[in-house]
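# Notes for the structure review
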Amino acid sequence: MASLAGTYTDLGKHKDAEQLEIEVLNMRKQILGNEDPDTLQSMANLAVTYNDMGKYKDAEKMEVEVLDMRKQVLGSEHSDTLQSMANLAVTYNNMGKYKDAEKLEIEVFDLRKQILGMEHSDTLQSMSNLAVTYGNLSKYKDAEKLEIEVLDMRKQILGNEHPDTLQIMANLAVTYGNLGKYEDAEKMEIEVLDWRKQIFGIEHPDTVQSVANLAVTYGNLGKYKDAEKLKLKF
């Protein structure tokens, strides 16, 4: 049932996923108890679904509960505890609680750096998440610094064409735009768009987002005809 709920989530059927996850959670609570790792994982999964549905208050409440229990049962440095902190930070960002998100993300980043090392994918994701939060807080120079670091490491470890590399390039381009570095943003967004077209195709959501980002940058550069042409082309 839990794997079927995951499939529903992948298909964007969030109501179906929610219904199944509530059912799984209730059964696990009855059979395994509230503090069992499988029960806590069910709660975490349901909270992610709540986030996908825009039910941020419900997600926040559940994630706080999961985090508190994982700290008690597994300890503060366990990978599941750190993932709960990261998930809660995402929810805080969705709710506009950027200072709360920043505090949690710094803690997760520091712990993952110590435990996993700088080049681990989870550490790099923590850095990327923190950079997004810095952007939300208008700390654009801090965001830029982190994103350049993540980009360099992802290129080395994953290669230029990996979706995670392309995502951090897209994020950095947005930061360049926020800093008024429109030509740098343009150059990076063209590169991301070209890669995403080749890898994902024109209709993929990430490709569509790249088109939209580049069109905004063209507008910022006063290249209105290029922006119009891009929108018509795609």
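Here, the structure is the one placed above.
The rules behind each value
- Residues numbered from 1 in each chain as written.
- Predicted model: local features only at pLDDT ≥ 70, side-chain atom pairs only at ≥ 80, totals over all residues.
- Heavy atoms only, no water.
- Helix = DSSP H or I, 4+ residues; strand = E, 2+ residues; numbered from the N terminus.
- Axes fitted to C-alpha atoms, helices over the stretch in contact; angles between N-to-C directions.
- Parallel < 35°, antiparallel > 145°, perpendicular 65-115°, else oblique.
- Left-handed = near helix turned anticlockwise from the far one by under 90°.
- Contact = heavy atoms within 4.5 Å.
- Core = buried A, V, L, I, M, F, W, Y, C linked by side-chain atoms within 4.5 Å.
- Buried < 20%, exposed > 50% of the residue type's maximum accessible area, 1.4 Å probe, protein only.
- Expected span 1.5 Å × (residues − 1).

Before going further, it helps to spend a moment on unusual backbone geometry. A positive phi angle, near 65°, is found at Ser138, a position not held by glycine. Considering the arrangement of structural elements, one finds Ser138 in the loop between α7 (121-136) and α8 (140-158).

A word on the packing of helix α9 (residues 163-178) against helix α10 (residues 182-200). Packing of α9 against α10 brings their axes to within 8 Å, and their N-to-C directions diverge by 155°. As summarised for this structure, α9 and α10 are arranged roughly antiparallel, according to the angle between their axes. The chirality of how α9 crosses α10 is left-handed. Across from Pro163, Leu166, Gln167, Met169, Ala170, Leu172, Ala173, Val174, Tyr176 and Gly177 in α9, the residues of α10 making contact are Tyr182, Asp184, Ala185, Met188, Glu189, Glu191, Val192, Trp195, Arg196, Ile199 and Phe200.

Glancing now at the nonpolar core. Met127, Leu146, Leu151, Met169 and Met188 are the most contacted members of the largest nonpolar core, which totals 22 residues. Mapped onto this core, the elements with two or more residues apiece are α7, α8, α9 and α10. Sorting elements by how many residues they give to this core places α9 first, with 7 residues. Residue contacts for Leu151: discarding those within four places in its chain leaves Thr165, Ile168, Met169, Leu172 and Met188.

This part is about helix α2 (residues 14-32). The periodicity of an α-helix, 3.6 residues per turn, causes residues three or four positions apart to be oriented the same way. The terminal C-alpha atoms of α2 lie 25 Å apart, and with 19 residues this matches the ideal 27 Å at 1.5 Å per residue to within 8%. Looking only at α2, the buried set comprises Ala17, Glu18, Leu20, Glu21, Val24 and Leu25. Once α2 ends, the next one or two residues include Gly33, with phi positive near 95°.

Relative to the helices and strands, Met53 is located in the loop between α3 (37-52) and α4 (56-74). Residue Met53 is classed as partly exposed on the basis of its relative accessible area of 24%. Between the C-alpha atom of Met53 and that of Lys13, which follows or precedes it by 40 residues, the distance is 9.8 Å. Once residues within four sequence positions are removed from consideration, Met53 is found in contact with His14, Lys15 and Glu18.

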